[in-house]
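# Inside the fold
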Amino acid sequence: MRKNILIIAAILAASLALATWLGQALPQPGLLALGLAIAAVCIAVFGVYKTGLLEFTPEVLAGDVIVPRPSRAGGDVKLLLPLQFSNTGSADGIVEWVALRLTIDGDIQRSVLLSPVAEVDMQRFIQAKRRLDNENCIEPFTAFPLEGKRSLAKFVLFDLAEKPRSEPLRLRSGRWSFEVFVKSTANRSPKLERSFEHVVEKKHVDEFAADTPVYLINYQITLPSARREIAGAEWMPRAAGSARAVGVR
């Protein structure tokens, strides 16, 4: 606050000095008013600039999807997403919740909403041979702080939000469209942060039926901090053996 007051005082003094100099060079009435007007404009611009710096502006980078091995035979499909949360503003804030909307083959009438049920410890997940269990799932997924100019990687497990009302989610061939929504202290309502698509092929369905995890990797984007976090663990398959990504926006 003290620094801001000093900056505003300096702007005012500089504007008045400019008006005085103009008054000596071009003696005309009203130059004091001109100097004050210049000061007001400068202070307004400074205020807008400071407001932008002090905003909490969270962003989410996403594009990869992991379908883990079910905890039991014939279990429902859950989706594990590596998400990178970044705050491009200088102010701290809270990411209150995230949600995922899934649409298969463009059938928006049958779109389903998935909510975060856990954060997954990827080291333990890999040690468990990519199967979900009580040791690698940190439940429940809760709100978390995000400091200014910082990024945070999280591996978030999503499940159907309204299981009793929805059909079980099964892995089947088709074009799977994903939309990631985020609610934070920066917005009163959920905001669509990212949308992307993957093509699920028959081989992926067969792999999952054979109790093998499925990786849908988008190689057009990178999740640097998320992948760096477990760089030595090889959670991501090589390009030749991965699902084909079709787009991200």
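## Thoughts on the environment of Glu 193
For Glu 193, the position within the fold is in strand E10 (residues 191-200). When the C-alpha atoms of Glu 193 and Lys 183 are compared, they prove to be 9.8 Å apart, with 10 residues separating the residues in sequence. Discounting chain neighbours no more than four positions away, the residues touching Glu 193 are Pro 58, Glu 59, Val 60, Val 180 and Val 182.

## Comments concerning the pattern of salt bridges
Under the definition given, this model contains 13 salt bridges. For the salt bridge of Arg 101 with Glu 179, the shortest nitrogen-to-oxygen distance reads 2.7 Å. In this pair, Arg 101 is assigned in strand E4 (residues 93-104) and Glu 179 in strand E9 (residues 174-184), connecting sequence segments 78 residues apart. With its nearest N and O atoms 3.2 Å apart, the salt bridge here joins Arg 150 to Glu 147. In this structure Glu 147 comes out as partly exposed when scored by relative accessible area, which is 44%. Here the residues in one salt-bridge network are Arg 69, Arg 131 and Asp 211, joined through shared partners.

## Overview of the pairing of E10
The buried fraction of E10 is high, at 7 of 10 residues. In this sheet, E10 lies alongside E9 in antiparallel orientation, the contact comprising 9 bridges. The partner of Ser 177 across the bridge, within E10, is Glu 197. What sits between the antiparallel neighbours E9 and E10 is a turn of 6 residues.

## Quick word on unusual backbone geometry
Glycine aside, residues mostly have negative phi angles, and peptide bonds mostly take the trans form. Note the cis peptide between Glu 139 and Pro 140, where omega equals -15°. One non-glycine residue with positive phi stands out, namely Asp 105, at about 55°. With respect to the helices and strands, Asp 105 occurs in the loop between E4 and strand E5 (112-120). Taking the relative accessible area as the measure of exposure, Asp 105 reaches 48% and is therefore partly exposed.

## Focus: the nonpolar core
In terms of nonpolar packing, the biggest core is built from 33 residues, with Leu 79 and Leu 81 touching the most fellow members. Within the residue set of this core, elements represented by two or more residues are strand E2 (65-67), strand E3 (79-87), E4, strand E7 (144-146), strand E8 (151-160), E9, E10 and strand E11 (214-216). Sort the elements by how many residues they give to this core and E4 lands first, with 5 residues. When sequence neighbours within four positions are dropped, the list of residues in contact with Leu 79 reads Val 65, Ile 66, Val 67, Leu 100, Leu 114, Val 156, Leu 157, Phe 158 and Phe 178. Judged by nonpolar contacts, the second largest core, of 13 residues, contains Ala 118, Phe 155, Leu 157 and Ile 217.

## Quick notes on the confidence of the model for the protein
With 64% of its residues at a pLDDT of 70 or more, the protein has an overall mean of 79. Considering each helix and strand of the protein separately, the mean pLDDT is smallest for strand E12 (residues 245-248), with a value of 45, and largest for E9, with 97. Note on residues 225-235: pLDDT under 50 across the span, and 31 contacts to partners over four residues away in sequence or across chains. Contacts of residues 237-249 to residues separated by more than four positions or lying in other chains number 38 contacts, the stretch itself having pLDDT below 50.

## Topic: the packing of aromatic side chains
Summed over the entire model, instances satisfying the criterion amount to 4 aromatic pairs. Residues Phe 141 and Phe 144 carry aromatic rings whose centres are separated by 6.2 Å and whose planes lie at 80° to one another, so their mutual orientation is edge-to-face. Overall, the relative accessible area of 12% leaves Phe 141 in the buried class. Ring centres of Trp 176 and Phe 178 lie 6.4 Å apart, and the angle between their planes is 35°; on these two criteria the pair is classed as tilted. Residue classification places Trp 176 among the buried residues on the basis of a relative accessible area of 1%.

## Observations concerning the pairing of E3
Counting buried positions along E3 gives 9 out of 9 residues, so the element sits mostly inside the fold. Residues Leu 79, Leu 81, Leu 83, Phe 85 and Asn 87 line one face of E3 and the alternating positions Leu 80, Pro 82, Gln 84 and Ser 86 line the opposite face, and both faces are buried. Sheet topology places strand E1 (residues 58-61) next to E3; 4 bridges connect them, and they run antiparallel. What sits directly across from Glu 59, in E3, is Ser 86. Pairing analysis gives 8 bridges linking E3 to E8, with the strands arranged antiparallel. By the bridge assignment for E8, Leu 83 is matched with Lys 154.

Rules used throughout
Residues numbered from 1 in each chain as written. Predicted model: local features only at pLDDT ≥ 70, side-chain atom pairs only at ≥ 80, totals over all residues. Heavy atoms only, no water. Helix = DSSP H or I, 4+ residues; strand = E, 2+ residues; numbered from the N terminus. Contact = heavy atoms within 4.5 Å. Salt bridge = Lys/Arg side-chain N within 4 Å of Asp/Glu carboxyl O. Buried < 20%, exposed > 50% of the residue type's maximum accessible area, 1.4 Å probe, protein only. Pairing = 2+ DSSP bridges. Core = buried A, V, L, I, M, F, W, Y, C linked by side-chain atoms within 4.5 Å. pLDDT = per-residue confidence, 0-100. Phe/Tyr/Trp six-rings, centres within 6.5 Å; stacked < 30°, edge-to-face > 60°.

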